Amino acid sequence: MTIFCSHCHRPLQAEMSCLPKRGAQVPSASKPFRSTKSASKARRDQINVELQALRSLLPISAREKERLSYLHTMALVCLQLRGAQLFPPDGAPPAGLAPAAELLSLLPGFLLVCAASGKLVYVSENVAQILGLSVVELLAQGDTVFDLLDERMHHDVHKKLLLAQEAPGSEVTFVSEMRTSKAFRLQHGGNRAVAVRGRFMAQRGPPPAAASSAAFLALCTPLARLPAGGDAGSRDDLFQSTHLLDMTFADVTESVTYHLGYRREELVGQSWYNLLHPEDANLAAAQHRATVLGAGDGAEAAVLRVLRRDWTWAWLRVSARRDGRGHAIICTSHCLR
């Protein structure tokens, strides 16, 4: 049987040069031949048009829109989409998450909403007054709550969020340093310690769907301003302690009595871990390991809860370093109010 070519209707044995070569593009009305350079430019132009359209829909001022980069535009769009997914128009009104500027000025901190996965859904505009970063600049740091926190707190915070998600309405509280602007760090010598207190909001619908769309609503309140490294005026807020390499107290300044209520003699010979809040033990242990294994002149800092003599908890920002000979650990503890 003779097979004829579909292009020239000649027998294939007679003529095969009319067939297109393997891998060659066949022009069509919908896909004409275009050079790679012009095709790339056309795609870029189309992407730019779409990004401009998305930018125009964002609920921010025209001045802010002009300053947005493409990356910031997509970050804000994703934030809005997550908010619409958690708070659809036929559900709870999302307007409740955006209080007026005068109301925000009365709050002791800024509002933060994130999904169960940790993805940011909403951050109130007054975050700039506390961290020195606008919402747009904050999103440049990352799009999850973990991107804002000290890396050493990620595991503990993730564990707390999982436990709180299983019991909507139960309160979660933790303190961690949050990322700040470069100007803030230069002025205050570091990032800012913030107390985060919040809970998961119960969503409408069947239990599986409600659990997957749960939102964590929190108030983030700054603690006392962290002292700069050479701030002599902050000495009333600190005490120093010297420890053996296993963190047993070898000595402590007398000012510890004012802050924690213990006399020096009560602490010498006691382990530092005996005073720590159970939830902060892992963070303290990580700081301990980093100090022992790190360089002698380095200083590792962590925000920890320490038991006072009256059985209340004190929030301390503890900086730890090895002494010059490497035989002891020196801790400088700043009391946070």
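Relevant structure appears above.
Scope of this entry: the structure provided in the associated data block. (Residues numbered from 1 in each chain as written. Predicted model: local features only at pLDDT ≥ 70, side-chain atom pairs only at ≥ 80, totals over all residues. Heavy atoms only, no water.)

## Things to note about the pattern of salt bridges
Then, in step 1: For the coordinates displayed, the defined rule picks out 10 salt bridges.
Then, in step 2: We note a salt bridge from Glu266 to Arg309, for which the minimum N-O separation is 3.0 Å. Here Glu266, found in helix 11 (residues 264-267), pairs with Arg309, found in the loop between strand 8 (300-307) and strand 9 (313-322); they are 43 residues apart in sequence, far enough to count as distant.
Then, in step 3: With a relative accessible area of 26%, Glu266 lands in the partly exposed category.
Then, in step 4: The class of Arg309 is partly exposed, set by a relative accessible area of 44%.
Then, in step 5: A salt bridge links Arg305 to Glu279; its shortest N-O distance comes to 3.2 Å. With Arg305 in strand 8 and Glu279 in the loop between helix 11 and helix 12 (281-293), this pair connects stretches of sequence that are 26 residues apart.
Then, in step 6: Taken together, the shared-partner salt bridges connect Lys160, Glu279, Asp280 and Arg305 into one network. (Salt bridge = Lys/Arg side-chain N within 4 Å of Asp/Glu carboxyl O. Helix = DSSP H or I, 4+ residues; strand = E, 2+ residues; numbered from the N terminus. Buried < 20%, exposed > 50% of the residue type's maximum accessible area, 1.4 Å probe, protein only.)

## Quick word on helix 12
Along an α-helix, residues three or four apart share an orientation, since each turn contains 3.6 residues.
Then, in step 1: If you check helix 12, its first and last C-alpha atoms are 18 Å apart, about what 13 residues at 1.5 Å a residue would give, namely 18 Å.
Then, in step 2: Taken together, the buried positions of helix 12 are occupied by Leu283, Ala284, Ala285, Gln287, His288 and Thr291. (Expected span 1.5 Å × (residues − 1).)

## Points about the environment of Asn191
Then, in step 1: Of note, Asn191 is situated in the loop between helix 8 (182-188) and strand 4 (192-201).
Then, in step 2: Residues Asn191 and Ser181, spaced 10 residues apart in sequence, show a C-alpha to C-alpha distance of 8.2 Å.
Then, in step 3: Reaching out from Asn191, the side chain makes a polar contact with the side chain of Thr180 at a distance of 3.0 Å. (Polar contact = N/O pair within 3.5 Å; in protein donor to acceptor, adjacent residues only side chain to side chain.)

Remember that the coordinates give geometry; whether it matters functionally is a separate question.
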